[in-house]
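Understanding the architecture of this molecule
Okay, here's what each chain looks like letter by letter:
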Amino acid sequence: MTLQSRLNEIINKSGHQELCLYRWEDGTWRFMLGNDSLVMLGEVDGLMQFDGNTLDDVLASAEKELSL
């Protein structure tokens, strides 16, 4: 499964409209989903946030949370 298809499945299942991916200087990742452009600031009610050591970790956490 491609990254694009994984992200599409997560977005469709979550019902959220906006996503943001961060890669921190230490190499860890944060993946956030929300319904407003403020998702990048982490100021959204109902924000879903996943942190991990790799991009795959954060996507796997989101998939697990959404039962994909």
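Cut-offs applied
- Here the residue numbers are simple positions, counted from 1 along each chain's written sequence.
- For a predicted model such as this one, the threshold for reporting local features is a pLDDT of at least 70, and the threshold for listing and counting side-chain atom pairs is 80 or more; totals across whole chains, interfaces and linings nevertheless cover every residue.
- The basis for every side-chain value is the complete set of heavy atoms in the structure, and neither hydrogens nor water enter the calculation.
- Buried Ala, Val, Leu, Ile, Met, Phe, Trp, Tyr and Cys residues that are joined via side-chain atoms within 4.5 Å together make up what is termed a nonpolar core.
- Between buried and exposed lies partly exposed: a residue is buried under 20% and exposed over 50% of the maximum accessible area for its type, with that area taken using a 1.4 Å probe on protein chains only.
- Numbered from the N terminus, helices here are DSSP runs of H or I no shorter than four residues, and strands are runs of E no shorter than two.
- As a per-residue measure, pLDDT tells how confident the predictor is, with possible values from 0 to 100.
- Should DSSP find at least two bridges between two strands, the strands are regarded as paired.
- Between N-to-C directions, angles cover 0 to 180 degrees, with each direction set by a line fitted to C-alpha atoms, over the stretch in contact for helices.
- For this analysis, residues touch if any pair of their heavy atoms sits within 4.5 Å.

1. Digging into the nonpolar core
Residues Leu7, Ile10, Trp29, Phe31, Leu33, Met48, Phe50, Val58, Leu59, Ala62 and Leu66 constitute the largest nonpolar core, which totals 11 residues. Residue assignment for this core shows that the elements contributing at least two residues are α1 (3-14), β2 (29-34), β3 (48-52) and α2 (55-65).

2. Structural notes on the confidence of the model for the protein
Summarising the model, the protein shows a mean pLDDT of 87, and 85% of its residues fall at 70 or more. By mean pLDDT, the top-scoring element of the protein is α2 (95), and the lowest-scoring one is strand β1 (residues 18-23) (88).

3. Quick notes on the sheet that holds β2
In spatial order, the strands read β1-β2-β3; together these 3 strands make up an open sheet with antiparallel pairing. Because the sheet does not close on itself, it has two edges, and the strands there are β1 and β3. Taking the axes of each pair of neighbouring strands and ignoring which way they run, one obtains an average angle of 10° across the sheet. Both β1 and β2 contribute to a ladder of 6 bridges, which runs antiparallel. When the bridges of β2 are listed, Glu18 appears paired with Gly34. Helix-sheet contacts for α1 involve β1, β2 and β3, and the interaxial angle to β2 is about 40°. Against the sheet, α2 engages β1, β2 and β3, with an angle of about 140° to β3.

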